[in-house]
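So you can see what is in the structure, the chains are spelled out below.
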Amino acid sequence: MTPPRTPQIPVVVLAGFLGSGKTTLLNHLLRNREGTRIGVIVNDFGSIEIDAMTVAGQVGSTVSLGNGCLCCAVDASELDIFLETLTRPSARLDVIVIEASGLAEPQELVRMLLASENPHILYGGLVEVVDAAEFDATRERHPELDRHLAVADLVVLNKTDRVGEAERERLLRAVGALSGPAAVITAVHGRIDPELLFDPAMRPDGDERTRQLTFEDLLREEEGDGGHGDHLHAAYESVEFTSDVPMDPRRFIAFLDSRPEGLYRIKGFADFGAGDRDNRYALHAVGRFLRFVPQPWARGEQRLTQLVMIGSGIDAEALRAGLAACRTEPGTDTPDAERAMWGVLRYVQQEPDPVDVREGDVREGADVEEAAAEA
Ligand SMILES: Nc1nc2c(ncn2[C@@H]2O[C@H](COP(=O)(O)OP(=O)(O)OP(=O)(O)O)[C@@H](O)[C@H]2O)c(=O)[nH]1
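I will try to describe carefully the structure that is included in this document. Owing to the predicted nature of the structure, the values given are computational and were not obtained by experimental measurement.

1. Overview of the overall build of the protein chain
Along its length, the protein chain carries twelve helices and twelve strands. Counting only contacts in the protein chain whose residues sit at least 6 apart along the sequence, the fraction spanning at least 24 positions is 79%. Put simply, the protein chain shows about 17,200 Å² of open surface, and 50% of that area lies on carbon and sulfur atoms.

2. A look at the site of the ligand
Near the ligand there are 17 residues, and of these Lys22, Thr23, Thr24, Asp161 and His189 occur at the shortest range. Measuring from an oxygen atom of the ligand, one finds a side-chain N or O atom of Thr23 at 2.6 Å. Within the side chain of Thr24, one N or O atom sits 2.5 Å away from an oxygen atom of the ligand. Taking 650 Å² as the accessible area of the ligand by itself, protein coverage stands at 70%.

3. Notes on unusual backbone geometry
A positive phi angle, close to 60°, is found at Lys159, a residue other than glycine. With respect to the element layout, Lys159 can be found in the loop between strand S6 (154-158) and helix H7 (165-179). Despite not being glycine, His189 has its phi angle at roughly 50°, a positive value. By the element assignment, His189 lies in the loop between strand S7 (183-186) and helix H8 (215-223). Under the relative-accessibility criterion, His189 is labelled partly exposed at 44%.

4. Description of the packing of aromatic side chains
Per the counting criterion, the structure on display carries five aromatic pairs. Ring centres of Phe252 and Phe292 lie 6.4 Å apart, and the angle between their planes is 50°; this geometry places the pair in the tilted category. Taken together, the residues Phe252 in helix H9 (residues 249-257) and Phe292 in strand S11 (residues 289-296) connect sequence positions 40 residues apart. Like Phe292, Phe252 is buried. Clustering of aromatic rings is evident, with ring pairs tying together Phe252, Phe272, Tyr281 and Phe292. Sitting over the face of the ring of Phe269, Arg280 holds its NZ or CZ atom 3.6 Å from the ring centroid.

5. Some remarks on the sheet that holds strand S9 (residues 263-270)
Taken in spatial order, the five strands of this open sheet run S8-S12-S9-S10-S11, and their pairing is antiparallel. Two strands in the sheet have a free side with no partner beyond their single neighbour: strand S8 (237-243) and S11. Ignoring which end each strand starts from, the neighbouring axes of this sheet average 15° apart. When S9 meets strand S12 (residues 305-311), the two strands line up antiparallel, connected through six bridges. Bridging across to S12, Phe269 finds its partner in Gln306. Strands in contact with helix H10 (residues 316-324) are S8, S9 and S12; relative to S8, the strand with the most contacts, it is inclined by about 25°.

6. A short note on the pattern of salt bridges
On inspection of all chains with the given rule, the structure shows eleven salt bridges. For Arg111, the salt bridge is made with Glu108, and the minimal N-O distance between the two is 3.1 Å. Linking Arg111 with Glu108, this pair stays in helix H4 (residues 106-115), spanning three residues, or about one helical turn. Under the relative-accessibility criterion, Arg111 is labelled partly exposed at 27%. A relative accessible area of 3% places Glu108 in the buried class. The closest approach of N and O atoms between Arg251 and Glu329, which form a salt bridge, is 3.6 Å. Of the two residues, Arg251 sits in helix H9 while Glu329 sits in the loop between H10 and helix H11 (337-340), which places them 78 residues apart along the sequence. For Arg251, a relative accessible area of 28% translates into the label partly exposed. The class for Glu329 is partly exposed, based on a relative accessible area of 45%. Look at the salt bridges and you will find they share partners, linking Asp136, Glu167 and Arg170 into a network.

Here is what the cut-offs are and how they apply
- Residues numbered from 1 in each chain as written.
- Predicted model: local features only at pLDDT ≥ 70, side-chain atom pairs only at ≥ 80, totals over all residues.
- Heavy atoms only, no water.
- Helix = DSSP H or I, 4+ residues; strand = E, 2+ residues; numbered from the N terminus.
- Contact = heavy atoms within 4.5 Å.
- Areas by Shrake-Rupley, 256 points an atom, 1.4 Å probe, with all protein chains shown as cover.
- Near = heavy atom within 4 Å.
- Polar contact = N/O pair within 3.5 Å; in protein donor to acceptor, adjacent residues only side chain to side chain.
- Buried < 20%, exposed > 50% of the residue type's maximum accessible area, 1.4 Å probe, protein only.
- Phe/Tyr/Trp six-rings, centres within 6.5 Å; stacked < 30°, edge-to-face > 60°.
- Lys NZ or Arg CZ within 6 Å of the ring centre and 35° of its normal.
- Pairing = 2+ DSSP bridges.
- Axes fitted to C-alpha atoms, helices over the stretch in contact; angles between N-to-C directions.
- Salt bridge = Lys/Arg side-chain N within 4 Å of Asp/Glu carboxyl O.

In structure tokens, the structure reads:
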């Protein structure tokens, strides 16, 4: 296996029915990006483009698909052109979010991303936004919602301010039953913790940290109280795990496959010892989405497994104990470890992965208006 030589930018797909709150959530992400540079692809002309540019000050990083419906594009070349623009080194983006139109078939977008030959992107998961107040009515009118939920990696039950406590619980159960193992979180005005979707940027040159007061800072001041209403960290717990003993690939995958529902996000690096002496494995999980990226160990770098897990209602001690039980025992770090890596390699992006795409669900391309790129 050849680890990617160029840095890859995660691409997150944001889907949800008309009016569910996608744009609101996207704006929230842009306002709370903390220095992370977000590129946005929208296919709803005018709905976010201005916000994306003014709020995040990212002129040149937003692509609008005119009247075109991205999900219906007959071939992936148009999407590739947009991604090409956004992944240019000069854009210096850390993450790209594609806001699917309210009527999109999100799995088609996912299929196109996985099939993309752009070496600079890494599919980052499908987030489905659901309007809590309209859930039953939307399902009635659009039975395909069930299918969208079934392929989502993270479901955001939005507008919970519009329903009572009991109704919220009922909806959580109903959505959870349809979305299977995907994590379901509730939100008001799309205020989710951005770290659930992507890591904050760590810039070696520190240019974002020593920056001047930005538009976001001003916005936060404007919102009063330093924007504490948006402090989502209080709602989530974060658990860290570090080990200088390599992880057993089979046990680690079994641990990940059975991770608890409330664990929305895992990020970090794993050392698989004899499984792969040359690479550490960057791990990125959003909801039930999981991806490993092998990265060569730097010369002299201490070989550690370092993980951060974010969730709500999670049992920190049980998680740490579960991970501790995944460590290799002395003497088991044998040549068989390479075969044990097969389970991990299933989650390394090499080609379109049938685990992520359910072909039966994919809609064939339909007519599409000419899409326009304005980058
Ligand atoms: N009460 C309430 N209103 C919300 C919430 N989130 C969004 N809205 C409102 O719902 C409306 C639709 O939100 P958008 O973010 O534009 O929804 P969208 O999914 O981008 O809509 P389309 O682009 O049409 O698919 C707007 O008026 C929002 O202000 C919420 O949590 N509670």
